[in-house]
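Take a look at the letters that make up each chain.
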Amino acid sequence: MHPPIVLRQIRMNPIILSLLILAGGGLISAPGAETAGLPNETPRQHNARMAWWQDARFGMFIHWGLYSEAAGYWNGQPTHGAGEWIMTDMGIPRDQYATLASHFDPIQFDADRWAEAAHAAGMKYLVITSKHHEGFCMFKTRATDYNVVDDTPWRQDPLLALSKACRRHGVKFCVYYSIMDWHSPEQAPAVSDPNHPVYNPTSFIPGQKSAYLQYMRTELAELIHHYHPALLWFDGQWMNGWTDDDGRELYQYLRGLDPRLIINNRIKGAGDYETPEQYIPPNGLPGRDWETCMTMNDTWGYKRDDNDWKSAKTLIRNLVDIASKGGNYLLNVGPSGEGLIPDASIERLNEIGKWMSVNGVAIYGTSAGPFVRQLPWGRCTSRISGRDTLLYFHVFDWPADGRLEAPLLNKIKRASLLVAPSKALETETDQNGVTIHLPQQAPDPISSTVEVKIEGAPELLNVPIVQKADGSILLRASDAGLHGSQIQYEPGASHDDLGYWSRPEDWADWTFRVQQPGEFNITAEIAAPAAASFKITTAGKTFQCAGPATGSYFTYAQAQIGTLEIPAAGDVTLAVHPIKDGWQPINLRSIKLQMVKNPRTK
């Protein structure tokens, strides 16, 4: 059954349609565009094309569309999903949803204010939705009149204004585009109920795929030639019928239109960088370019009741954490239907900008820190400086005794706080690593930066997981030693765990360094459809454990393991072995040892 076709949408104007017919259904290329293929790109050429993006480290994501006008409500009822998903989450028919366009009149939109907000926050690029899954085009296009210029009382082109404003404020202009299109007459909803359709995921209607591909290529060519984005950010590639071959062909077509263009991996089958969403890979993605995109609250598009805002502290530390692992941070704002970025977003952007004005040198153009494991007090970024290396120690937890220690064997040529670069800090290096003597007070309670210059490349001391300042020890799945043929680490926001643990012969272990001995409470974070029996062995003690039955491999719960006394400082190994009788596969995210009693304190 075909979905209802909205008659007010004109797919192709007569000129484009005539060209398509004359071309026999082939690709329509912009005048002078190269679509026959690209020469092979060498690694050096690839890095040169990616250089500005790799140096930027921080960008602004903007989700803005008809869903912003809805603001999370339909017919007076709130949506329980994200603001930009209201059309499918509330089952709104296409013709009814399209009436939002007649009310969309964002007279308070100011492109310069948006670009300046990004610039003031220290963001180097901006990615705005040209067409989200809802199918409404936020730019002037000849391919359909379902666009912000032809179908709203506002009749302005925000992408054109914003592209010019970004150039004025020194911000790279980039564009988001959804492959999935809930409004498209060439794509069928997942459930075609005329009164309550469910769009996600759509499927190509038999015989209509080529028409949609042509529509999409026409719009993308317009975006490239009229707005000159430095980057195209694709999404919606999970729709039924979109293939890896489609992605590779589109990637080649777009790079033919602009060989300098950067394209993310959600085009499918091709792409220049990875895009983890709403989470930070525990160890980054070594050897690959990547970018975490994340919301400030719980939604991408504007939703007037969503006030679950992340703190500026969380956002700044996210930025540092991502840069320390070699990634970029694309932080979202969702402007209202009136064209205003919410005050809560602006407040946080200003706080980030204030921090970046002092510490930006330790973010922009840096590489991942050299340390294999997270430092117990914070993070590290690095850059090459001639024959020397600059390490930037981002200190989250200021040491009470003023001793900042790192597992580094290099001679330190100089160390200083970024806020006081002319005042050298006292340092010492021995077989146990580096110690930097810090002042009593942290310059910044969120993250203070120590710039350390060392001779040559970093030489690291091979140390195990280190106890944190509060005495706790966190054994993450990504740090485990794995033994067996099936067990493996599963990355991703919904996992970040040890999974595929089907064989009871497989096991995992961790080695950690105790600097504050004492009594610890042990817990494990586990997801499993059924209860499992396993044992944990550490510090000469074995715990017989019954894992919780959480109902699925995606629902996690804390399992209380027991209390352990570690009487002396030193290296300790903890191992997890299944018990063959009673073993059921589990996903193990982490084990935590929380100090409950320190013999050195009264």
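None of the values given here were measured: they were computed from a predicted structure.

## A closer look at the sheet that holds strand S18 (residues 427-430)
Then comes step 1: With antiparallel pairing, the 3 strands of this open sheet are ordered in space as S15-S19-S18. With partners counted over all chains shown, the strands left at the sheet margins are strand S15 (403-406) and S18, one partner each. Across the sheet, the mean angle separating the axes of adjacent strands is 20° when strand polarity is ignored.
Then comes step 2: Two strands pair when backbone bridges link them, and S18 and strand S19 (residues 433-437) are joined in this way by 4 bridges, in the antiparallel orientation. From the neighbouring strand, Thr-427 faces S19, where its bridge partner is Ile-436.

## Some thoughts on the layout of surface pockets
Then comes step 1: Roughly 990 Å³ of volume is contained in the largest pocket.
Then comes step 2: At the level of elements, S15, S18, S19 and strand S21 (465-466) are the ones that each hand at least two residues to the lining of the largest pocket.
Then comes step 3: It is S15 that contributes the most residues to the lining of the largest pocket, 4 residues altogether.
Then comes step 4: By volume, the second largest pocket amounts to about 760 Å³.
Then comes step 5: Within the residue set of the lining of the second largest pocket, elements represented by two or more residues are helix H10 (312-324), strand S13 (378-385), S21, strand S22 (473-476) and strand S32 (587-597).
Then comes step 6: For the lining of the second largest pocket, the element with the highest residue contribution is S22, accounting for 3 residues.
Then comes step 7: Residue composition of the lining of the second largest pocket, by class: 13 nonpolar, 4 polar and 13 charged.

## Considerations on the packing of helix H7 (residues 158-168) against helix H8 (residues 209-227)
Then comes step 1: It is at 11 Å that the axes of H7 and H8 come closest, and there the two elements cross at 40°. In terms of their interaxial angle, H7 and H8 are classed as oblique. In this structure, the crossing between H7 and H8 has a hand that is right-handed. Between H7 and H8, the contacting residues are Leu-159, Leu-160, Ser-163 and Arg-167 on the first element and Leu-223, His-226 and Tyr-227 on the second.

Criteria and thresholds
Residues numbered from 1 in each chain as written. Predicted model: local features only at pLDDT ≥ 70, side-chain atom pairs only at ≥ 80, totals over all residues. Heavy atoms only, no water. Pairing = 2+ DSSP bridges. Helix = DSSP H or I, 4+ residues; strand = E, 2+ residues; numbered from the N terminus. Axes fitted to C-alpha atoms, helices over the stretch in contact; angles between N-to-C directions. 1 Å grid on protein atoms, 1.4 Å probe; cavity = no way out; pocket = protein on both sides within 12 Å on 5 of 7 lines; lining within 4 Å. Points joined across faces, edges and corners; volume = space filled by probe spheres on them. Nonpolar A, V, L, I, M, F, W, Y, C, P; charged D, E, K, R; others polar. Parallel < 35°, antiparallel > 145°, perpendicular 65-115°, else oblique. Left-handed = near helix turned anticlockwise from the far one by under 90°. Contact = heavy atoms within 4.5 Å.

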